[in-house]
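# Summary of structural features
One-letter residues, chain by chain:
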Amino acid sequence: MRSLLSLLTVIGLLSLQPAIAEEPIKATVYKDPNCGCCHEYVGYLRQNGFEVEVVDTGDLMSIKQQAGVPAELQGCHSTMVGGYVVEGHVPADIVKRLLQDKPSVRGISLPGMPQGSPGMDGEKEAPFVIYEIPKVDAGGGAPKVYATE
Ligand SMILES: [Cu+2]
């Protein structure tokens, strides 16, 4: 009886494994309908295990204001994922790290649409610097670096 139970447990764990690995991460991307690189970024997220809902809007500004993104950290599109806001062309592995680490921030941002970043054309010329979007406005202080890639 006991070995049957443990066998069932093993089978149960085995069948759980792929479900966990393949579970898509739900995200919503707010973008301008005419933004090409934003559209490319949505495709990139989908290729990297995200289930993306796209909201086209001509009023991104109020979305960013509601999300508490300061002007200097605003990207060309806003991705809402796991209670965070992700601004701009942030690499997927860094978004996944954010969701695992769960830091006490509003979100993260890769400002300025650097060449060669996910969804952007061109060759990468310098490391991507991803900043924290603080929960409380830092009041003019320099933004903290979350990750460099
Ligand atoms: Cu862009």
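Residues numbered from 1 in each chain as written. Predicted model: local features only at pLDDT ≥ 70, side-chain atom pairs only at ≥ 80, totals over all residues. Heavy atoms only, no water.

## Quick word on the side chain of Glu 132
Going by this rule: Segments assigned H or I by DSSP are reported as helices when at least four residues long, segments assigned E as strands when at least two residues long, and all are numbered from the N terminus. Burial classification: accessible surface area is computed with a 1.4 Å probe over protein chains only, and a residue below 20% of its type maximum counts as buried, one above 50% as exposed, and the rest as partly exposed. His is not counted, nor are the chain ends, whereas Lys and Arg count as positive and Asp and Glu as negative. A side-chain nitrogen of Lys or Arg and a carboxyl oxygen of Asp or Glu constitute a salt bridge if their distance falls within 4 Å.
Tracing the chain through its elements places Glu 132 in strand S6 (residues 129-133). Notably, Glu 132 is buried but unbridged: the nearest opposite-charge side chain belongs to Lys 144, and the N-O separation is 4.0 Å.

## Re the sheet that holds strand S2 (residues 50-56)
The line we're drawing: If DSSP finds at least two bridges between two strands, the strands pair. Every axis corresponds to a line fitted to the C-alpha atoms, with the helix fit spanning only the stretch in contact, and the corresponding angles, defined between N-to-C directions, vary from 0 to 180 degrees.
The seven strands are arranged S2-S1-S3-S4-S5-S6-S7 in an open sheet whose pairing can be described as mixed. The sheet is open, and its two borders are formed by S2 and strand S7 (145-148), each paired with just one other strand. Geometrically, the sheet is characterised by an average inter-axis angle of 20° between neighbouring strands, direction not taken into account.

## With respect to the environment of Gln 47
Along the chain, Gln 47 falls in helix H2 (residues 36-47). Under the relative-accessibility criterion, Gln 47 is labelled exposed at 71%. Separated by 45 residues in sequence, Gln 47 and Ala 92 place their C-alpha atoms 9.6 Å apart.

## Focus: the pairing of strand S4 (residues 84-88)
Successive residues of a regular strand alternate their side chains across the two faces of the sheet. When you tally the buried positions in S4, you get five out of five residues, the bulk of the element. As paired elements, strand S3 (residues 78-81) and S4 share four bridges and run antiparallel to each other. What sits directly across from Met 80, in S4, is Val 85. What sits between S3 and S4 in their antiparallel hairpin is a turn of two residues, with Gly 82 showing a positive phi close to 55°. Looking at chain direction, S4 and strand S5 (residues 107-110) are connected through four bridges and run parallel. Bridging across to S5, Val 85 finds its partner in Gly 107.

## A look at the nonpolar core
Cut-off, in case you're wondering: For this analysis, a nonpolar core means a set of buried residues of the types Ala, Val, Leu, Ile, Met, Phe, Trp, Tyr and Cys, connected via side-chain atoms within 4.5 Å. Any pair of residues with heavy atoms lying within 4.5 Å of one another is described as a contacting pair.
Among the nonpolar cores identified, the biggest contains 24 residues, and Phe 50, Val 86, Val 90, Val 95, Ile 108 and Ile 130 are the most heavily contacted of them. Among the secondary structure elements, those contributing two or more residues to this core are strand S1 (25-31), H2, S2, S4, helix H4 (92-101), S5 and S7. It is H4 that provides the largest number of residues to this core, a total of five residues. Among residues more than four places away in sequence, those in contact with Val 90 are Tyr 41, Tyr 44, Val 95, Ile 108, Ser 109, Leu 110, Pro 118 and Ile 130. Residues Val 69, Leu 73, Val 85 and Ile 133 belong to the second largest nonpolar core, which totals five residues.

## A look at the coordination of the copper ion
Octahedral metal centres with six donors ideally show angles of 90 or 180 degrees, and tetrahedral centres with four donors ideally show 109.5 degrees. Basically, it comes down to this: Coordination shells were defined by N, O and S atoms within 2.8 Å of each metal, extended to 3.2 Å for Na, K and Ca; water is absent from the atom set, which can make sites look incomplete. The rule is simple: four donors are tetrahedral if all their angles sit between 85 and 135 degrees, four are square planar and six octahedral if opposite donors span more than 155 degrees and the others lie between 65 and 115, and anything that fits none of that is irregular.
Within the protein, the atoms that donate to the copper ion are Cys 37 (SG), Cys 76 (SG), His 89 (NE2) and Met 113 (SD), at distances of 2.1 to 2.4 Å. Taken together, the four donor atoms coordinating the copper ion span angles of 93 to 128° at the metal, a pattern that classifies the geometry as tetrahedral. For the copper ion, all donor residues lie on one chain, and their spacing in sequence is C-x38-C-x12-H-x23-M. Of this pair, Cys 37 sits in helix H2 while His 89 sits in the loop between S4 and H4, placing them 52 residues apart in sequence.

## As for H4
Let me state the cut-off plainly: When we speak of the arc, we mean the arc of directions from the helix axis to the C-beta atoms.
Within H4, burial applies to Ala 92, Ile 94, Val 95, Leu 98 and Leu 99. One side of H4 carries all its buried residues, which in axial view fall inside an arc of 165°. Lys 102, located one to two residues past H4, shows a positive phi value of around 50°.

## Side note on H2
The criterion, for reference: By this rule, a helix spans an expected 1.5 Å times one less than how many residues it contains.
In a regular helix each residue adds 1.5 Å, so twelve residues correspond to 16 Å; H2 covers 17 Å between its end C-alpha atoms and thus fits that length. Within H2, burial applies to Cys 37, Cys 38, Tyr 41, Val 42, Tyr 44 and Leu 45. On an axial view of H2, the arc spanned by its buried residues comes to 160°, and they lie on one face. Residues of H2 that are exposed and point over 90 degrees away from its buried face: His 39 and Gln 47. Structurally, H2 contributes buried residues whose contacts are with S1, S2, S3, S4 and H4. Remark: Gly 49 follows H2 within two positions and exhibits a positive phi of approximately 90°.

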